[in-house]
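Architecture at a glance
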Amino acid sequence: MTVVGIDDTDSREFGMCTTYVATRVAERLRQTSATVERLLLIRLNPAVEYKTRGNAALAIHTDCDPDVAFDIAREELEANAETADDGTNPGLVVVDHEPAAAPDSVREFARAAVREHLEIADAERILERVGYRHWGAGNGRGRIGALAAVGSWDGVGPGAEAGRTADWTYEYISYREPDRWGTPRTVDHESVFEAADAGYPDVWDTVDRGEDETVCVPHTPGPILHGIRGDDPDAVRAVADRIESEPVADAQLFVTNQGTDAHLRTGTGTNTLEDVQDGHTYRVDGTVGSDPETRRGGHVFFTLIEGETEGEGEGDTQLECAAFEPTKRFRDRVRALRAGDRITVCGESARGTLKLEKFAVRELVTTERVTPVCEDCGRTMESAGRNQGYRCRDCETSAAERDEVPLERDLDTGWYEVPPCARRHIAKPLVRGGFDGPVHPER
């Protein structure tokens, strides 16, 4: 078995897509009479600042001679990588053993690449130690993803702790004819929604019904026409086939860690608010310490605190959480939170703020304390002074403290998520199941 790992061929400015380059390499390998067993699409740490949007690395599993595979892959990288962009630094790694036979250091590197920040020197050190063939252009940063990709098939989902059951999904990507790249895509809007309805829930994040958006159709100038994601390879192909569009030049099925939450540092009780550091993604528990506030631009913020006490004490560990405007209707779910609610939050920490991807309501505040009402006249009482309770001046009635009354809530317990239009590739949609509690999926 030969495994070819590639990364970092695309550009935010000029487009291209590493999945397309991998598809080109796979086709070239087949032309040598080699068999291509599978293509892996691995989403790495989405919090890395120098990434393009999806931060994908690719691995091709084949029986081609490793020297031939190396030469073909390098030719395709040199021909297709957008190296006119200084931020594009392609990398190539080729190994000549079964994927599951990768040394522990390589598999650990692959897991870390989904959650940590790794340096070029980290990859170079391992590559030299294990003797893998490798190549890089520019500063060679692409070798980080390429090495992670070749170490990501060991029976355990990438980013998972040892012993966790593998969680792989699929994406079927259709590509445009090259002379159409950079022009508006011709895809029938209605047919995409009909195809999405036919494939759901095995196929997910194809459209966003709330925003009337075809999520599977990108807006970048690259070669992708549409990408269909789901849990079943036949189902994603079937949805793609139902979409009416401009001609499809080529298509490829990928095995991927998309939709798995592999990027989250998970486990209730594992993380505390004090553990949260910028540049990583977390799942943490806490208490809503302040009622959500909508700020300029439509972004919604609230404070999360440790423990179970409502309000923000002077010594409490606090974490600012935010639902930004692109998360659309998800912000209404966040606005419905109240100080004192017990929740679990998932998201990326940046500049001291956790950018929410999903949250779970564990316990809702169901009562609130209000200024008492005079039983005689029905008017709201006034404060009688500091620590002196309340009184009605007209009726001379009094109350020692505030009344506790039922509070109507617009939330139920369970999980809430950003809509498909705002979902990260690697984030797990609630419709996939496996969550600890009720779910309220967005379609």
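Residues numbered from 1 in each chain as written. Predicted model: local features only at pLDDT ≥ 70, side-chain atom pairs only at ≥ 80, totals over all residues. Heavy atoms only, no water.

All right, on to the packing of helix H4 (residues 120–130) against helix H5 (residues 142–150) then. In the contact formed by H4 and H5, the axes pass within 8 Å of each other and the chain directions differ by 50°. Put simply, H4 runs oblique to H5. Taken as a pair, H4 and H5 cross one another with a handedness that is left-handed. Only Arg143, Ile144 and Leu147 of H5 make contact with H4, whose side of the interface consists of Ile120, Ala123, Glu124, Ile126 and Leu127. By residue class, the composition of the contact of H4 with H5 is six nonpolar, no polar and two charged. (Axes fitted to C-alpha atoms, helices over the stretch in contact; angles between N-to-C directions. Helix = DSSP H or I, 4+ residues; strand = E, 2+ residues; numbered from the N terminus. Parallel < 35°, antiparallel > 145°, perpendicular 65-115°, else oblique. Left-handed = near helix turned anticlockwise from the far one by under 90°. Contact = heavy atoms within 4.5 Å. Nonpolar A, V, L, I, M, F, W, Y, C, P; charged D, E, K, R; others polar.)

The next subject is the sheet that holds strand S5 (residues 133–136). Overall, mixed pairing links the nine strands, which are arranged S5-S4-S1-S3-S2-S9-S6-S8-S7 in an open sheet. On the outer flanks of this sheet lie S5 and strand S7 (203–204), each paired with one strand and no other. Sheet analysis places strand S2 (residues 36–43) next to strand S3 (residues 56–62), joined by seven bridges and oriented antiparallel. Counterpart to Leu40 in the pairing with S3 is Ala59. Those strands touched by helix H1 (residues 18–31) are strand S1 (2–7), S2, S3, strand S6 (169–175), strand S8 (224–230) and strand S9 (250–256), and its axis lies near 10° from that of S3. (Pairing = 2+ DSSP bridges.)

Attention now goes to the UniProt feature "domain: TiaS C-terminal zinc ribbon" (unreviewed entry) in the protein. The UniProt record marks residues 372–411 with the feature "domain: TiaS C-terminal zinc ribbon" (unreviewed entry), using the residue numbering of this structure. Secondary structure across residues 372–411 divides into 0% helix and 30% strand, with the first and last C-alpha atoms of the span separated by 26 Å. (UniProt positions renumbered as here; feature names shortened; annotations may be inferred.)

A surface patch of like charges, here negative, comprises Asp188, Glu190, Glu194 and Glu244. Checked against the element boundaries, Glu190 lands in helix H6 (residues 189–199). Its relative accessible area of 53% is what places Glu190 among the exposed residues. (Patch = residues over 30% accessible without salt bridge, like charges linked within 9 Å, V, L, I, M, F, W, Y side chains within 5 Å. Areas by Shrake-Rupley, 256 points an atom, 1.4 Å probe, with all protein chains shown as cover. Salt bridge = Lys/Arg side-chain N within 4 Å of Asp/Glu carboxyl O. Lys, Arg positive; Asp, Glu negative; His and termini not counted. Charge placed at Lys NZ, Arg CZ, Asp CG, Glu CD. Buried < 20%, exposed > 50% of the residue type's maximum accessible area, 1.4 Å probe, protein only.)

So, about the nonpolar core. Counting residues in hydrophobic clusters, the biggest one holds 30 residues, and the most contacted among them are Val4, Ile6, Leu29, Ile60 and Leu92. Elements with a minimum of two residues in this core: S1, H1, S2, S3, helix H2 (66–80), strand S4 (91–95) and S6. With six residues, H1 is the single largest residue contributor to this core. Listed in part, the 29 residues of the second largest apolar core include Val95, Ile126, Ala149 and Val150. (Core = buried A, V, L, I, M, F, W, Y, C linked by side-chain atoms within 4.5 Å.)

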